[in-house]
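Descriptive structure summary
Below are the chains, spelled out letter by letter.
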Amino acid sequence: MRRLLLPAFCLLAAAAPAGTLVVDHAFARAALAGRTGVVYLEVTDHGAPDRLKGASSEIAEAVELHESVSEGGVARMRPVASAEISQGHRLVLAPGGMHLMLIGLKRALRPGDHFDIILDFAHAGALPVSVEVLKAGALPPGAQPGMGEMPGMKMTP
Ligand SMILES: [Cu+2]
């Protein structure tokens, strides 16, 4: 009986609308109060195509979706309106690419802290995510040291 129940449960779980977007490896880098912070994460879309429109958090005055670009050999970042994610694909916010910028931190981000950020999707709506604070310069799991750390990038204090 137990062997029959388990697959049935898995099918139900896979069909739940709330589980169609899965967020992994959400982390921020340590930062000072009043300054900017950065959040990286991965979203996997198990359902219909969607679009990340932005985010909000009580920890910052504002949260902006940014991308890093190289202009004339100098790394800069600029706001982007949204980021598409298609079914079965991952949206990766990582050093050197897209990220969420925390503007005007209301308190310091210290390694080991956690805080909530609410991702805003065009179709799925609000998706709360717990973000872990890692040390300054922290990289996503599996990333090579130096990856995405373009010269001139001023991301963290
Ligand atoms: Cu930025």
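The paragraphs below set out a description of the structure included in this document. Every value quoted in this text rests on a predicted model; they were computed, and no experiment measured them.

Calculation criteria
- Residues numbered from 1 in each chain as written.
- Predicted model: local features only at pLDDT ≥ 70, side-chain atom pairs only at ≥ 80, totals over all residues.
- Heavy atoms only, no water.
- Phe/Tyr/Trp six-rings, centres within 6.5 Å; stacked < 30°, edge-to-face > 60°.
- Helix = DSSP H or I, 4+ residues; strand = E, 2+ residues; numbered from the N terminus.
- Buried < 20%, exposed > 50% of the residue type's maximum accessible area, 1.4 Å probe, protein only.
- Donors = N, O, S within 2.8 Å, 3.2 Å for Na, K, Ca; no water.
- Tetrahedral: all angles 85-135°; square planar, octahedral: opposite > 155°, others 65-115°.
- Pairing = 2+ DSSP bridges.
- Core = buried A, V, L, I, M, F, W, Y, C linked by side-chain atoms within 4.5 Å.
- Contact = heavy atoms within 4.5 Å.
- Salt bridge = Lys/Arg side-chain N within 4 Å of Asp/Glu carboxyl O.

1. What about the packing of aromatic side chains?
- Applying the stated criterion across every chain yields a total of one aromatic pair.
- Geometrically, the ring pair formed by Phe 27 and Tyr 40 is tilted, given 5.4 Å between the ring centres and 50° between the ring planes. Here Tyr 40 lies in strand S2 (residues 37–45) and Phe 27 lies in strand S1 (residues 21–29), a separation of 13 residues in the sequence. Across the pair, exposure class does not vary: Phe 27 and Tyr 40 are buried alike.

2. Side note on the coordination of the copper ion
- Looking at the copper ion, the protein donor atoms are His 66 (ND1), Met 77 (SD), His 99 (NE2) and Met 101 (SD), and they sit 2.1 to 2.3 Å from it.
- For the copper ion, the four donor atoms in the first shell make angles of 97 to 115° at the metal, so the coordination geometry reads as tetrahedral.
- The buried category is assigned to His 66, whose relative accessible area is 7%.
- On the basis of relative accessible area, Met 77 is assigned to the partly exposed category, the value being 30%.

3. Side note on the pairing of strand S8 (residues 98–105)
- Taken across its eight residues, S8 has six buried, putting it largely inside the fold.
- Pairing of S2 with S8 involves three bridges; the strand directions are antiparallel. Each residue of the ladder has a partner; that of Val 39, found in S8, is Leu 100.
- In this sheet, S8 lies alongside strand S4 (residues 60–71) in antiparallel orientation, the contact comprising seven bridges. Looking at S8, one finds that Ala 60 is bridged to Leu 105.

4. Re the nonpolar core
- Counting residues in each nonpolar core, the largest one holds 31 residues, and the members touching the most others are Val 39, Leu 100, Leu 102, Leu 109, Phe 115, Ile 117 and Leu 119.
- Aside from chain neighbours lying at most four places away, what touches Leu 119 is Val 23, Leu 41, Leu 52, Gly 54, Ala 55, Leu 100, Gly 125, Ala 126, Leu 127 and Val 129.

5. Re the pattern of salt bridges
- For the coordinates displayed, the defined rule picks out six salt bridges.
- Two residues, Glu 42 and Arg 90, come together in a salt bridge whose shortest N-O distance is 2.8 Å. With Glu 42 in strand S2 and Arg 90 in strand S7 (residues 90–93), this pair connects stretches of sequence that are 48 residues apart.
- Look at Glu 42 and you get buried, because its relative accessible area is 15%.
- We classify Arg 90 as exposed; its relative accessible area is 51%.

6. Looking at the environment of Glu 84
- Here Glu 84 is to be found in strand S6 (residues 83–85).
- When the C-alpha atoms of Glu 84 and Phe 121 are compared, they prove to be 9.6 Å apart, with 37 residues separating the residues in sequence.
- In this view, Glu 84 contacts Asp 50, Arg 51 and Leu 91; residues no more than four positions away in its chain are not counted.

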